[in-house]
Amino acid sequence: MQTATTLKEYKSEVDKALKNKFQRKALDNFARAYPVARANAFAGMNIDQLIQKVADIKGQALSRLDQLYAQFKANAEQKGIHVHLAADADEANRIIAAIAKNGQAKKVVKSKSMTAEETLLNHHLEAQGLEVTETDLGEWIIQLRHEGPTHMVMPAIHLSRYQVADLFSDVTGSKQASEIERLVKVARRELRQKFVEADMGVSGANFALADTATIGLTSNEGNARLVTTLPRIHVALVGLDKLLPTLADALHVNRVLPRNATGQAITSYVTWITGPNPCAAGEARKKEMHIVFLDNGRRALAKDPVFSQVLRCVRCGACANVCPVYRMVGGHQLGHIYIGAIGLIATYFFHGRDKAKNLVQNCINCGACKAVCAAGIDLPGLIKEIHARIQDETDHPRSSVLLGKLLGNRTLFHRLLRTAQRAQAPVVKKNGFIRHLPMILSKEHNFRALPAIAKTPFRDRWDRVKESAASPKYRVALFAGCVQDFVYPEQLEAGVRLMARHSAAVDFPMQQSCCSLPAMMMGEKAAARDVARMNMAAMGDKGVDYIVTLCASCASHLKHNYPKLFEDDPSMKKTVQQFADKVIAFSTFMNEKLQMPEAGAEETGPTTTYHAPCHLCRGMGERNAPHELIRKAGLNFVPGKEEETCCGFGGSFSGKFPQISSQILENKLADVEATGAKLLVTECPGCLMQLRGGVEKKGLKIEVKHIAEALVERK
């Protein structure tokens, strides 16, 4: 649980997390193992179809939340279940404390419940004099350490067995061995008595079925069944978003949930509870059962046209499993109560702007969370929306406003870049890197070499490099993006030569500017819209078949984010969609539209590996085209084990969080080195800047090239 109030304090906490060697190793090992386990669990299944059905089931349930609650309540009360509705976290805690008091309960056992974490239930009950014991092994460990969970499914993944052994030694008063089996036995022995003595059990629920008033729990430990059956009072604290119409709906969600969470086909225990059971054998009196439904903003959120999808979350934790930032810093720095990408969003709605303001900035926008989400939630898109909201709600001046205004004035922006190019001359080395960092950057940014701004930008070279294609198959407009235009114009030159060589007529509209993704990443949505209008005007009247870009980030932003920027402007809908439909990534255009042929080279090219830019393999959904082009060029391709793992650039992210960016880059370069490749190819100038700068800093004997450069040399 992050507690920092300022960004500076938050970064200090991040630095401490980065130094936690065991946590880094544990999360790293899990991040490598998880994709394999998930793929095996879903083998032979249509994952996209399954996830879409989960999204439909949850979405339809959210559209009639009040109706489902009323149906559940009526059916539950017929079965002797007491149903309560809490408006917020405080009311939920008061209701549960009152149930304990009325039932003369003194000791409470709990099974794992993120909703109880959301309300800080333990703190409230303990303040009322109750003894509260978490009985899930991981939750018990972090309770004893007075911490929050670092993962929604594996709350103590950040701790070593040696740390747990020391903790258990303190708890039991005797030295405990560090073998995991022995530690589990200690926990079982200590918790067994707690189950027997408990007056009240508190659980959560994965599902609440309106037609039968049944709650469903999935777990891998038997503690949930003991908590819900042994004590004479059972209270289930359930978010309203867990309501579903029928068992069939829940069973479909449960086909996806464990597979997406831990790579299991099904959890060890799936428990369905419909009404109170007898207290003990032979007793006529049934136990007391209460279900406390928590609103805490959920009903209002369910009606929000943009953010209602947040409530589709099934709490699988997969968004953390694949997040490169979580892998570096863990859940205490990438969440407040809820962890990972969903936590960055949920924190804003459930715990307020102040708790969320730092977290939302620590998203690298790689899209891995969206690609793996069990409910198809657009997590990175919503994080950017939250960031923009927080910016708009903040009164104090912010530097990102200046950036937004600068990007919105193309002439001023380009003039500034040209001025910077002239000013950098004394510090530019012969290899194109600058000798030392600009004074505005701290030593934390020194993890990579930075490129100089090109002496002549691409726009000034256009008249010289443009080529006419004989009998062109397609007419295209080239979208450069600011990095390739002013830093890496040679990449665009290579792309133009290749496209012309394979029968594409290329035009370069001079009025284009930055794609506006940097402004959007910094929460300046209005500025991003202004720049988008500028670019669409520049490209709109050219009568081209396609808008081709050699930058994966630009491609994804132009194609997917431009329509979202104008969702609330019906007058722009047709124009934006026509523009977006024409946008295509360079490798896709070369492979699928121009159908670049085999090179026919007799000699095999250098051993080559590939880094898949996040916005190409996920944002554009393109995985095969770059591989095909590398093969067609006759290069000796050796894939890395983590080809699709983020390189750590993330545009402005690497500037704001250099300490995280550098560690992600370190992992990526280690993966590249393990392939033995002499050539590293990618399709994003930002990724190339990060990777080439890292290679230069480390002195590695690896060339880093844009795919267009690699192809043009082989054709």
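Just so it is clear, the structure is predicted and the values come from calculations on it, not from any experiment.

Rules used in this analysis
- Every chain begins its residue count from 1, and numbering advances along the sequence as written.
- Local features in a predicted model are, by the rule used here, given only for residues with pLDDT of at least 70; side-chain atom pairs are given and counted only at 80 or more, and totals for whole chains, interfaces and linings are based on all residues.
- Side-chain figures throughout are based on the complete set of non-hydrogen atoms in the structure, without hydrogens or water.
- Stacked, tilted and edge-to-face pairs are distinguished by plane angle, under 30 degrees for stacked and over 60 for edge-to-face with tilted covering the rest, among Phe, Tyr and Trp rings (Trp via its six-membered ring) whose centres lie within 6.5 Å.
- Helix and strand assignments follow DSSP, with helices taken as H or I runs no shorter than four residues and strands as E runs no shorter than two, numbered in order from the N terminus.
- Only protein chains enter the calculation, and the probe is 1.4 Å; a residue is then buried if its accessible area is under 20% of its type maximum, exposed if over 50%, and partly exposed in between.
- Charges are assigned to positions over rings by a cutoff of 6 Å between ring centre and Lys NZ or Arg CZ, combined with an angular limit of 35 degrees from the ring normal.
- Pairing between two strands requires that DSSP report at least two bridges joining them.
- Residue contacts are counted whenever heavy atoms from the two residues lie within 4.5 Å of one another.
- Here an axis means a line fitted to C-alpha atoms, over the contact stretch when the element is a helix, while the angle between two N-to-C directions is reported on a 0 to 180 degree scale.
- Throughout this description, the term nonpolar core refers to a set of buried Ala, Val, Leu, Ile, Met, Phe, Trp, Tyr and Cys residues connected via side-chain atoms within 4.5 Å.
- For classification purposes, an angle smaller than 35 degrees is called roughly parallel, one larger than 145 roughly antiparallel, one from 65 to 115 roughly perpendicular, and anything else oblique.
- By convention, the crossing between two helices is left-handed when the near helix turns anticlockwise from the far helix through less than a right angle, and right-handed when the turn is clockwise.
- Residues are sorted three ways: Asp, Glu, Lys and Arg are charged, Ala, Val, Leu, Ile, Met, Phe, Trp, Tyr, Cys and Pro are nonpolar, and all the rest, Gly among them, are polar.
- A pairing counts as a salt bridge when a side-chain nitrogen of Lys or Arg comes within 4 Å of a carboxyl oxygen of Asp or Glu.
- What a helix is expected to span follows from its residue count: subtract one and scale by 1.5 Å.
- Directions from the helix axis toward the C-beta atoms define the arc.
- Distance and chemistry together define a polar contact, namely a pair of N or O atoms within 3.5 Å, with one atom able to donate a hydrogen and the other to accept it when in protein, and with adjacent residues in sequence counting only for side-chain atoms on both sides.

1. Quick notes on the packing of aromatic side chains
Any aromatic ring pair is given by two values, namely how distant the centres are and how the planes are angled relative to each other. Across all of its chains, the model carries 17 aromatic pairs by this definition. For the pair Tyr10 and Phe657, a centre-to-centre distance of 6.3 Å together with 85 degrees between the ring planes defines the contact as edge-to-face. Placement of Tyr10 in helix H1 (residues 7-18) and of Phe657 in the loop between helix H32 (653-656) and helix H33 (658-675) is noted, with a sequence separation of 647 residues between them. Per residue, the accessibility class of Tyr10 equals that of Phe657, and both read buried. Aromatic ring contacts, followed pair by pair, group Tyr10, Phe653 and Phe657 into a single cluster. For Lys11, the ring lying beneath its charged end belongs to Phe657, and the centroid distance is 5.6 Å.

2. What to know about the sheet that holds strand S15 (residues 607-610)
Pairing is parallel in the open sheet, where four strands are placed in the order S16-S15-S17-S18. With partners counted over all chains shown, the strands left at the sheet margins are strand S16 (636-637) and strand S18 (703-706), one partner each. Packed on one face of the sheet, helix H35 (residues 707-714) meets strand S17 (679-682) and S18 and runs near 95 degrees to S18.

3. Topic: the nonpolar core
With 99 residues, the main nonpolar core has Phe72, Phe293 and Ile660 as its most contacted residues. The dominant element in this core, judged by the number of residues it contributes, is helix H16 (residues 340-351), at seven residues. Among residues more than four places away in sequence, those in contact with Ile660 are Val14, Leu18, Val325, Met328, Val329, Asn362 and Phe653. Among the nonpolar cores identified, the runner-up in size contains 91 residues, and Met521, Ala532, Val583 and Ala710 belong to it.

4. Some details on the packing of helix H27 (residues 552-565) against helix H28 (residues 573-582)
At a closest axis distance of 8 Å, the pairing of H27 and H28 adopts a crossing angle of 165 degrees. Considering the angle they form, H27 stands roughly antiparallel to H28. Remark: the crossing between H27 and H28 carries left-handed chirality. Taking contact as the criterion, the partners of Leu558, Lys559, Tyr562 and Pro563 in H27 are, on H28, Val576, Gln577, Phe579, Ala580 and Asp581. Residues belonging to the contact of H27 with H28 are distributed by class as follows: six nonpolar, one polar and two charged.

5. What to know about unusual backbone geometry
A positive phi angle, near 55 degrees, is found at Gln104, a position not held by glycine. Among the secondary structure elements, Gln104 is positioned in the loop between helix H5 (89-102) and strand S2 (107-110). By relative accessible area, which is 63% here, Gln104 ends up exposed. You will see that Asn365, though not glycine, has its phi angle at about 65 degrees, which is positive. Take Asn365: it is sitting in the loop between helix H17 (353-356) and helix H18 (368-372). In this structure Asn365 comes out as buried when scored by relative accessible area, which is 6%.

6. Description of the pairing of strand S6 (residues 214-219)
Within a regular strand, side chains alternate between the sheet's two faces. The buried fraction of S6 is high, at six of six residues. Bridge analysis of strand S5 (residues 207-209) against S6 gives three bridges, and the strand direction is antiparallel. Looking at the pairing, Phe207 lines up with Gly216 of S6. Between S5 and S6, which pair antiparallel one after the other, the connecting turn spans four residues, and Ala213 there sits at a positive phi close to 55 degrees. Pairing analysis gives five bridges linking S6 to strand S9 (residues 269-273), with the strands arranged antiparallel. Following the sheet pairing, Thr218 is matched in S9 by Val270.

7. A short note on the side chain of Asn223
Residue placement: Asn223 occurs in helix H11 (residues 223-229). Once residues within four sequence positions are removed from consideration, Asn223 is found in contact with Ser111, Lys112, Thr135, Asp136 and Phe195.

8. What about the pattern of salt bridges?
Scanning the entire structure with this criterion turns up 35 salt bridges. Taking the shortest distance from any N to any O, the salt bridge between Arg315 and Asp241 comes out at 3.8 Å. Here Arg315, found in the loop between helix H13 (298-302) and helix H14 (318-321), pairs with Asp241, found in the loop between strand S7 (233-239) and strand S8 (243-244); they are 74 residues apart in sequence, far enough to count as distant. Relative accessible area serves as the criterion here: at 2%, Asp241 is assigned to the buried category. Arg459 is the partner of Asp485 in a salt bridge, and the nearest nitrogen-oxygen pair spans 2.9 Å. With a gap of 26 residues between them, Asp485 in helix H23 (residues 482-486) and Arg459 in helix H22 (residues 458-465) connect regions that are remote in the sequence. Across this residue pair, the class does not change: Asp485 and Arg459 are buried. A single salt-bridge network, built from bridges that share partners, covers Asp28, Arg32, Arg327 and Glu642.

9. Here's the deal with helix H3 (residues 47-63)
Under the 1.5 Å per step criterion, the end-to-end length of H3 is 24 Å for 17 residues, consistent within 8% with the ideal 24 Å. Taken together, the buried positions of H3 are Leu50, Ile51, Val54, Ala55, Ile57, Lys58, Ala61 and Leu62. Along the long axis of H3, the arc covered by the buried residues comes to 165 degrees, so they all point the same way. The outward face of H3, more than 90 degrees from its buried face, is lined by the exposed residues Asp48, Gln49, Gln60 and Ser63. On the buried face of H3, the contacting elements are helix H2 (21-41), helix H4 (65-78), S8, helix H12 (247-262) and H13. The N-cap of H3, judged by a side-chain oxygen 3.4 Å from the amide nitrogen of Asp48 a few residues on, is Asn46.

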